[in-house]
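Topology and contacts: notes
Listed below, chain by chain, are the residues.
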Amino acid sequence: MAEPTFSPSLLQSLREAEHIVVLTGAGVSAESGIPTFRQAQTGLWAKYDPQELATPDAFRRNHRLVWGWYQWRRELVSRARPNPAHLALAAMEEVTTHLTLITQNVDGLHGQAGSHNIIELHGNLMRNKCFEYDHPVTAGAEIAPEVPEDPPRCPQCRSLLRPDVVWFGEALPANTIETAFAATQESDVFFAIGTSAVVHPAASLPLLAMERGALTIEVNPDRTSLSPLVDHRFPRPAGELLPALVLAAWPDVSIGGV
Ligand code: NAD
């Protein structure tokens, strides 16, 4: 594929932006080897529908099955490393006045890449919390399970622990989503990267940015409902497009320490 090209006006808008907001989805981690939501349905767990596993009811019905599925995902994520897309976004935060990174991903790879101002909309796969009473649990303080396939227990109330992620049917923590909406409300440039833009409320953020008059940019090899609406669309993998874009706008920037 030919090198991507960028209009001078886009590069100028990036350099002059006062607040860039970036929304990322599972596609940004695809090049790190973490399956996107749809790919997750074709792998080892193909016979299970994630929507049937990632719910409080599923955990009540069969906590071993749900815990096992999350342990499998944790193993995948612990082997994964940030890819050039994560590194380019961390570099962009360094050179811009203000960048807010809102992610739907629970894999923690943006933090590993060096991004700081991150809103993890859907939680973090590597943390646990108490299933019954929401007690936050410090890693290492869990009570080990008597049966190895079971989740550990909460040190405060002995309820089962669960992954600290937002399940289907659960509300996002109010302060998290409010901060994401407030940042979007004041954005002058808004990126939607590697998201199918169907899971709400995250999918409302690009629409709010458009309403507010921000310059909107989509990076996704496939078309989405946002594609006809954005100002710039790049149908390429994020790991290829983002480093090229960041280097075109800020030629002296160092990406991933090189
Ligand atoms: P999605 O699976 O619905 O969509 C992924 C999108 O990424 C697709 O539109 C696809 O075309 C695009 N894509 C694939 N490869 C890409 C690449 N290399 N570069 C750019 N785009 C690429 O994911 P979603 O929109 O994030 O929503 C699904 C939900 O599943 C999210 O809420 C998320 O929490 C969860 N999830 C998270 C992870 C993770 O943490 N890495 C993985 C799977 C699912």
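Structure report, in brief. Just so it is clear, the model here is predicted, and its values are computed rather than measured. (Residues numbered from 1 in each chain as written. Predicted model: local features only at pLDDT ≥ 70, side-chain atom pairs only at ≥ 80, totals over all residues. Heavy atoms only, no water.)

What follows is about the overall build of the protein. Along its length, the protein carries ten helices and eight strands. Against the 2.2 N^0.38 benchmark of 18 Å for 258 residues, the protein shows a C-alpha radius of gyration of 19 Å, consistent with a compact globule. The 258 residues of the protein split such that 50% are buried. Long-range pairs, those at least 24 residues apart, make up 67% of the contacts in the protein between residues at least 6 apart in sequence. Here the protein displays about 12400 Å² of accessible surface, and carbon together with sulfur accounts for 51% of that area. (Helix = DSSP H or I, 4+ residues; strand = E, 2+ residues; numbered from the N terminus. Rg over C-alpha atoms; globule rule 2.2 N^0.38 Å. Buried < 20%, exposed > 50% of the residue type's maximum accessible area, 1.4 Å probe, protein only. Contact = heavy atoms within 4.5 Å. Areas by Shrake-Rupley, 256 points an atom, 1.4 Å probe, with all protein chains shown as cover.)

It is worth spelling out the side chain of aspartate 164 at this point. Examined against the element boundaries, aspartate 164 turns out to sit in strand S5 (residues 161–165). Each residue touching aspartate 164, except ones within four places of it in the same chain, is listed here: His122, Gly123, Asn124, Arg127, Asn128 and Lys129.

Right, let's talk about the site of the ligand for a bit. The ligand sits among 26 residues. The nearest are Gln104, Val106, Asp107, Ser196 and Asn220. One of the side-chain nitrogen or oxygen atoms of threonine 195 is found 2.8 Å away from an oxygen atom of the ligand. Within the side chain of serine 196, an N or O atom sits 2.5 Å from an oxygen atom of the ligand. The fraction of the free accessible surface of the ligand (860 Å²) that becomes covered by protein chains is 90%. The cavity that encloses the ligand is the largest pocket. The element contributing the most residues to the shell around the ligand is helix H2 (residues 27–30), with three residues. (Near = heavy atom within 4 Å. Polar contact = N/O pair within 3.5 Å; in protein donor to acceptor, adjacent residues only side chain to side chain. 1 Å grid on protein atoms, 1.4 Å probe; cavity = no way out; pocket = protein on both sides within 12 Å on 5 of 7 lines; lining within 4 Å. Sits in = over half its atoms within 2 Å of the grid points.)

Next up on the list: the nonpolar core. One finds Leu14, Ile20, Phe191, Ile193 and Leu242 to be the most contacted residues of the largest nonpolar core, which totals 31 residues. Of all the secondary structure elements, the ones that give two or more residues to this core are helix H1 (8–16), strand S1 (20–24), helix H6 (84–95), strand S2 (99–103), strand S6 (189–193), strand S7 (215–219) and helix H10 (238–249). If one sorts the elements of this core by residue count, H10 sits on top with seven residues. Not counting the four nearest positions on each side in its chain, leucine 14 is found in contact with Ile20, Val189, Phe191, Ile217, Leu245, Ala249 and Trp250. (Core = buried A, V, L, I, M, F, W, Y, C linked by side-chain atoms within 4.5 Å.)

It is worth spelling out the packing of aromatic side chains at this point. Inspection of every chain in the model, using the stated rule, returns five aromatic pairs. Relative to tryptophan 167, the ring of tyrosine 70 has its centre 6.2 Å away and its plane inclined at 40°; by these criteria the two rings are tilted. Pair noted here: tyrosine 70 is in helix H5 (residues 63–79) and tryptophan 167 is in the loop between S5 and helix H8 (174–185), with a separation of 97 residues, a long-range link. For tyrosine 70, a relative accessible area of 2% puts it in the buried group. Grouped by ring-pair contacts, the aromatic residues Phe59, Trp69, Tyr70, Phe131 and Trp167 constitute a single cluster. (Phe/Tyr/Trp six-rings, centres within 6.5 Å; stacked < 30°, edge-to-face > 60°.)

This part covers H10. With twelve residues, H10 should cover 16 Å at 1.5 Å per step; its first-to-last C-alpha distance of 16 Å lies within 8% of that length. Among the twelve residues in H10, nine count as buried, and that is most of the element. Three or more residues of H10 are buried, namely Ala238, Gly239, Leu241, Leu242, Pro243, Ala244, Leu245, Val246 and Ala249. The secondary structure elements touched by the buried residues of H10 are H1, H2, H6, S6, S7 and strand S8 (232–234). (Expected span 1.5 Å × (residues − 1).)

On to the environment of proline 201, then. One can find proline 201 in the loop between S6 and helix H9 (204–212). For proline 201, a relative accessible area of 23% gives the class partly exposed. A sequence separation of 80 residues divides proline 201 from leucine 121, and the C-alpha atoms of the two residues are 9.5 Å apart. Sequence-distant contacts of proline 201, defined by excluding residues within four places in its chain, comprise Leu172, Ile177 and Phe181.

We now examine the sheet that holds S1. With parallel pairing, six strands are arranged side by side in an open sheet as S3-S2-S1-S6-S7-S8. This sheet does not close on itself; its edge strands, each paired only once, are strand S3 (118–120) and S8. Taken over all neighbouring pairs, the strand axes of this sheet differ in orientation by 15° on average, direction set aside. Contacts from H1 reach S1, S6, S7 and S8 within the one sheet, and its direction differs from that of S7 by about 110°. Contacting S1, S2, S3 and S6, H8 crosses the sheet at an angle of about 135° to S3. (Pairing = 2+ DSSP bridges. Axes fitted to C-alpha atoms, helices over the stretch in contact; angles between N-to-C directions.)

With 17 residues, H5 should reach 24 Å at 1.5 Å per residue; the first-to-last C-alpha distance of 24 Å fits that figure. On its buried face, H5 sits against helix H3 (50–53), helix H4 (56–61), strand S4 (123–130) and S5.

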